[in-house]
Amino acid sequence: MTLDFSKPIFALAPLAGFTDLPFRSVVKKFGADLTVSEMISSNSLIFQNKKTIKMLEKSPIETPYSVQIAGSNQDIIKRAVEFLNMQDGIDIIDLNCGCPAPKVVNSLQGSSLLRDLPTMAKTIRTIKNYSNKEFLSVKTRLGFNTKNHIEIAKVCEDNGADFIVVHGRTRAGKYKAEVDYDAIREVKEAISIPVIANGDITTPQKAKWVLEYTKADGVMIGRGAIGKPWIFQTIKDYINGDSDSTSPTPELIRKVVLEHFEQMIAHYGEYGTILFRKHLHRYSKVGYIGASKFRDLVNRVENYREMRDIIEEFFK
Ligand SMILES: Cc1cc2nc3c(=O)[nH]c(=O)nc-3n(C[C@H](O)[C@H](O)[C@H](O)COP(=O)(O)O)c2cc1C
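Everything numeric here is computed off the predicted structure, so don't read it as measured data. (Residues numbered from 1 in each chain as written. Predicted model: local features only at pLDDT ≥ 70, side-chain atom pairs only at ≥ 80, totals over all residues.)

Glancing now at the overall build of the chain. In terms of regular secondary structure, the chain is built from 15 helices and nine strands. Taken over the C-alpha atoms alone, the chain extends approximately 55 × 45 × 35 Å along its principal axes. For the chain, with 316 residues in total, the buried portion stands at 46%. Residue pairs in contact within the chain that sit at least 24 positions apart in sequence constitute 70% of those at least 6 positions apart. (Helix = DSSP H or I, 4+ residues; strand = E, 2+ residues; numbered from the N terminus. Buried ≥ 20, exposed ≤ 12 C-beta atoms within 10 Å, placed from the backbone. Contact = placed C-beta atoms within 7 Å.)

Each assigned domain of the chain is listed with its residue range as follows: domain 1 (9-245) and domain 2 (250-314). If you average the C-alpha positions of domain 1 and of domain 2, the two centres end up 28 Å apart. Each partner contributes residues to the interface: domain 1 has nine residues there, and domain 2 has eleven residues. When the residues that make up the side of domain 1 that touches domain 2 are grouped by side-chain class, the tally is seven nonpolar, two polar and no charged. (Domains from an automatic or database assignment. Nonpolar A, V, L, I, M, F, W, Y, C, P; charged D, E, K, R; others polar.)

The next thing to look at is unusual backbone geometry. Pro64 follows Thr63 through a cis peptide bond whose omega is 0°. The phi angle at Lys174 is positive, at roughly 40°, despite the residue not being glycine. Relative to the assigned elements, Lys174 resides in the loop between strand E7 (163-167) and helix H8 (181-190). Residue Lys215 is not a glycine yet carries a positive backbone phi of 60°. Structurally, the position occupied by Lys215 is in the loop between helix H9 (204-214) and strand E9 (218-221). Owing to 13 C-beta atoms within 10 Å, Lys215 belongs among the partly exposed residues under this scheme.

Moving residue by residue along a regular strand, the side chains alternate between the two faces of the sheet. Side-chain alternation along E9 places Gly218 and Met220 on one buried face and Val219 and Ile221 on a second face that is also buried. Pairing between strand E1 (residues 9-12) and E9: four bridges, direction parallel. Its bridge partner lying in E9, Leu12 is registered against Ile221. Bridge analysis of strand E8 (residues 195-198) against E9 gives three bridges, and the strand direction is parallel. Each bridged residue has a counterpart across the sheet, and for Ile196 the counterpart in E9 is Gly218. Assessed by its sense of winding, the connection that carries the chain from E8 through H9 to E9 is right-handed. (Pairing = 2+ DSSP bridges. Right-handed = clockwise from strand over helix to strand, strands pointing away.)

Take Thr146: it is sitting in the loop between strand E6 (135-140) and helix H7 (149-158). C-alpha of Thr146 to C-alpha of Arg79: the two residues are 67 residues apart in sequence and 32 Å apart in space.

Moving on, we get to the packing of helix H11 (residues 250-268) against helix H15 (residues 304-314). Taken N-terminus to C-terminus, the directions of H11 and H15 make an angle of 170°; their axes are 11 Å apart at the nearest point. Looking at the two axes, H11 sits roughly antiparallel to H15. Contacts from Val257, Leu258, Phe261 and Ile265 in H11 reach Tyr304, Arg308 and Ile311 in H15. Classifying every residue of the contact of H11 with H15 by side-chain character gives six nonpolar, no polar and one charged. (Axes fitted to C-alpha atoms, helices over the stretch in contact; angles between N-to-C directions. Parallel < 35°, antiparallel > 145°, perpendicular 65-115°, else oblique.)

This is the structure we're talking about:
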């Protein structure tokens, strides 16, 4: 079993544009129990273009590894799953039922499944029927315009999901509405498969509180890990009562930033320099003097060596 729910799971949320292989491998070293690919449309999986294949790659330390797919056309989902079946190292297929983006919703993917539960049920069953992976999970919100969380959770359970992740907002709540932890707790009470709670968990204290309050089997952290991949270690230390090591030292931060940068270059080539800018913006927010000047500067750098020198100087 690659995923053990006998103790709380601390998972890194999929964040398109951020949680690529380099970032996931950095986070994994700080103790994340589960990492998930960025969302991949089932359509793009059946065409197998180079970019999609690259998005499937995982770091050797990523076990268990989940690949998140989106879609609702049963034939395309089936073919996407058959393609994933041929890829080694994937332990979980996750169905995205949360993405609020109009482009995704309008093509009947992501959160649009929450207003068409028969199609959601069918899609889960199709994955279950064809997948050869150990687990099937669903990442969902509480509803589309209004909450419908219990019915949604039961659809997941009844159609073969092994566990679910609940982002405690509706689609209408996008990424800003207050997270409804009561609703997550109600979901946990209503079904017997494991439930992972998600939404606005950004500190060890909050993680502990969410676990206790919702009685969820784990927490999933997204934005709280950007620029702070060590959050998984600080949460685990805090929950285990070893709170001395909650703040990373400047030396550790420097090491992490440099390692993350090197992984970006290894994965994307020199173009990784440009892609790393957004991460540098976030790393520099951990209380550094001159951070806004640094951000301006890195926005103009494209060269690997130059960027490395700037990073070494700033995080000294
Ligand atoms: C930039 C960004 C990209 C995201 N991409 C995905 C995605 O690809 N798949 C997905 O299920 N959720 C995605 N989400 C939602 C997150 O996984 C998570 O559910 C949400 O941000 C709430 O958790 P958090 O407050 O810990 O970030 C994305 C969120 C953000 C902000």
